[in-house]
Amino acid sequence: MCIRDRIVSFFFQAEDGIRDFCLSRGLGDVYKRQLYLENGKTGDDYMQKAQKFAAQIPYMAIAGNHEIFRNYTYLNLRFKMPLYDQFQNVYYSFNLGLVHYVCFNIQYFHQVFEAREGILSWLREDLQRANSNESRSQRPWIVAIAHKPFFTSLKAPKADTHTDYGNFTQIEDLYLEFSVDMYLSGHVHFYERMLPVFRNQSRGYEDFNQTYIIKNAQATVHIIDGISGTDHEITQELDKSEWNEYTAAMSSKFGFGIVDAINKTHLKFSQTLSQNFTQEDSFYLSLIHI
């Protein structure tokens, strides 16, 4: 996942694989997503291959379900994100240009029940601060990033392994309360872009028939971007008749997403194919927060 404003580029990897931008060569889903294999040698090999870009632009890591081995040790030995001394990569946030990014380990939230209160408390405090009039006047966009999606068009039994709807409603409530504009996730190995959604139901925005310019969304736009490089269990595109009513686009072609804060009223997301760098899907969020 690339994140850019007019000055800086970032590369995000949410456990779902990366591709070499120059060679369009699959680096893999951390080679079957296991940093710990061969006593960490697989992770070392992965990082050496990633060094080409990671040495030049910040590489912001977010833990997923395959990093859980030995309590995320193999991830934490290689990555130290903002606030690491306090939270050991469980959650962090940062500002870049016109956007506030909030990142957290949703797998930890899901599996460690006693950790939920702390994560929710931190999220509430961070989002409340980011949603204040003062913050919104400087950075009008809030983008949340974690590994697992809240929703997908996949149906049971496959969907059962990818989403945990009931466990994430408390986080979803915070997104609505503090007007989080976009939620980026991975885990499901395809690309699915959704319209504003809350509790698995479409929420209003102006010009409801328009899916490429979303004006004044009444809920968070959710995007699954888990097809950036892995060759493991690629999820095939569903027929449109099987899409959720709020799904706007879907693809199983290797690609990566770009978040571009155009200005204080327009945030662009585009999905770019790794093979030839052509744009496969894009849309704008249009909103005046203050």
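Above: the structure in question.
Residues numbered from 1 in each chain as written. Predicted model: local features only at pLDDT ≥ 70, side-chain atom pairs only at ≥ 80, totals over all residues. Heavy atoms only, no water.

Participant: Run through the overall build of the protein, naming residues and quoting values.
Facilitator: Of the regular secondary structure elements, the protein holds 8 helices and 15 strands. Among the 290 residues that make up the protein, the fraction classed as buried is 58%. With the model as given, the accessible surface of the protein reaches about 12900 Å², and the carbon-plus-sulfur share is 49%. (Helix = DSSP H or I, 4+ residues; strand = E, 2+ residues; numbered from the N terminus. Buried < 20%, exposed > 50% of the residue type's maximum accessible area, 1.4 Å probe, protein only. Areas by Shrake-Rupley, 256 points an atom, 1.4 Å probe, with all protein chains shown as cover.)

Participant: Lay out helix α6 (residues 116-130) with the relevant residues and their values.
Facilitator: With 15 residues, α6 ought to run about 21 Å at 1.5 Å a step, and its terminal C-alpha atoms sit 21 Å apart, in line with that. Those residues of α6 lying buried are Arg116, Ile119, Leu120, Trp122, Leu123, Asp126, Leu127 and Ala130. Projection of α6 onto a plane perpendicular to its axis shows the buried side chains occupying an angular sector of 165°, all on one side. (Expected span 1.5 Å × (residues − 1). Arc of directions from axis to C-beta.)

Participant: Quick rundown of the packing of aromatic side chains? Include the residues and the values.
Facilitator: Within this structure, the stated rule accounts for 15 aromatic pairs. Ring geometry for Phe150 and Phe168: centres 5.4 Å apart, planes at 35°, overall tilted. Placement of Phe150 in the loop between β6 (141-145) and α8 (169-177) and of Phe168 in the loop between β6 and α8 is noted, with a sequence separation of 18 residues between them. For Phe150, a relative accessible area of 2% puts it in the buried group. Lying across the ring of Tyr84, Lys80 places its NZ or CZ 4.8 Å from the centre. Taking the ring centre of Phe109 as reference, the NZ or CZ of Arg116 above it sits at 5.1 Å. (Phe/Tyr/Trp six-rings, centres within 6.5 Å; stacked < 30°, edge-to-face > 60°. Lys NZ or Arg CZ within 6 Å of the ring centre and 35° of its normal.)

Participant: Tell me about the side chain of Ser270, and name the residues and values.
Facilitator: Considering the arrangement of structural elements, one finds Ser270 in strand β14 (residues 266-273). What Ser270 contacts, discounting residues up to four positions off in sequence, is Phe256, Gly257, Ile258, Gln279, Asp281 and Ser282. (Contact = heavy atoms within 4.5 Å.)

Participant: Quick rundown of the environment of Pro82? Include the residues and the values.
Facilitator: Take Pro82: it is sitting in the loop between α3 (73-76) and α4 (84-87). The exposure class of Pro82 is partly exposed, given its relative accessible area of 30%. Residues Pro82 and Met60 lie 22 residues apart in sequence; the distance between their C-alpha atoms is 9.2 Å. Excluding its chain neighbours within four sequence positions, the residues that come into contact with Pro82 are Met60, Tyr91, Tyr92 and Ser93.

Participant: Describe the pairing of strand β13 (residues 255-261), with residues and values.
Facilitator: Of all 7 residues in β13, 7 are buried; the element is thus mostly enclosed. Residues of β13 alternate between two faces, with Gly255, Gly257, Val259 and Ala261 on one and Phe256, Ile258 and Asp260 on the opposite face, all of them buried. In textbook terms, the turn of a hairpin is the stretch between consecutive antiparallel strands, and for β13 and β14 this stretch comprises 4 residues. (Pairing = 2+ DSSP bridges.)

Participant: Could you give me a rundown of the packing of α6 against α8, with the residues and numbers involved?
Facilitator: Following both chains from N to C, one finds α6 and α8 inclined at 10°, their axes separated by 10 Å at the closest point. As summarised for this structure, α6 and α8 are arranged roughly parallel, according to the angle between their axes. Two secondary-structure elements touch here, α6 through Leu120, Leu123, Arg124 and Leu127 and α8 through Gln170, Ile171, Leu174, Tyr175 and Glu177. Here the contact of α6 with α8 is composed, by residue class, of 6 nonpolar, 1 polar and 2 charged. (Axes fitted to C-alpha atoms, helices over the stretch in contact; angles between N-to-C directions. Parallel < 35°, antiparallel > 145°, perpendicular 65-115°, else oblique. Nonpolar A, V, L, I, M, F, W, Y, C, P; charged D, E, K, R; others polar.)

Participant: Talk me through a nonpolar patch on the surface; I want residue IDs and the actual numbers.
Facilitator: On the surface, a nonpolar cluster with roughly 280 Å² of combined accessible area is contributed by Tyr212, Ile213 and Tyr284. With a relative accessible area of 38%, Ile213 lands in the partly exposed category. (Patch = residues over 30% accessible without salt bridge, like charges linked within 9 Å, V, L, I, M, F, W, Y side chains within 5 Å. Salt bridge = Lys/Arg side-chain N within 4 Å of Asp/Glu carboxyl O.)

Participant: With reference to specific residues and values, describe the nonpolar core.
Facilitator: Ranked by internal contacts, the top residues of the largest apolar core, which has 80 residues, are Ile171, Tyr175, Met182 and Leu267. Residues contacting Ile171, with those up to four places away along its chain left out, are Phe104, Ile106, Phe109, Leu120, Leu123 and Phe150. (Core = buried A, V, L, I, M, F, W, Y, C linked by side-chain atoms within 4.5 Å.)

Participant: Can you lay out the pattern of salt bridges for me, pointing to particular residues and giving the numbers?
Facilitator: This structure, assessed with the given rule, holds 8 salt bridges. Between Glu125 and Arg129 there is a salt bridge, with the nearest N and O atoms lying 3.7 Å from each other. Of the two residues, Glu125 and Arg129 are both situated in helix α6; the distance of 4 residues between them amounts to about one turn of the helix. With relative accessibility at 45%, the residue Arg129 sits in the partly exposed group. In this structure, Asp173 and Arg199 form a salt bridge, with 2.8 Å as the shortest nitrogen-oxygen distance. With Asp173 in helix α8 and Arg199 in the loop between β8 (191-198) and β9 (201-202), this pair connects stretches of sequence that are 26 residues apart. Its relative accessible area of 36% is what places Arg199 among the partly exposed residues. Among the charged side chains, a salt-bridge network with shared partners connects Glu125, Asp126 and Arg129.

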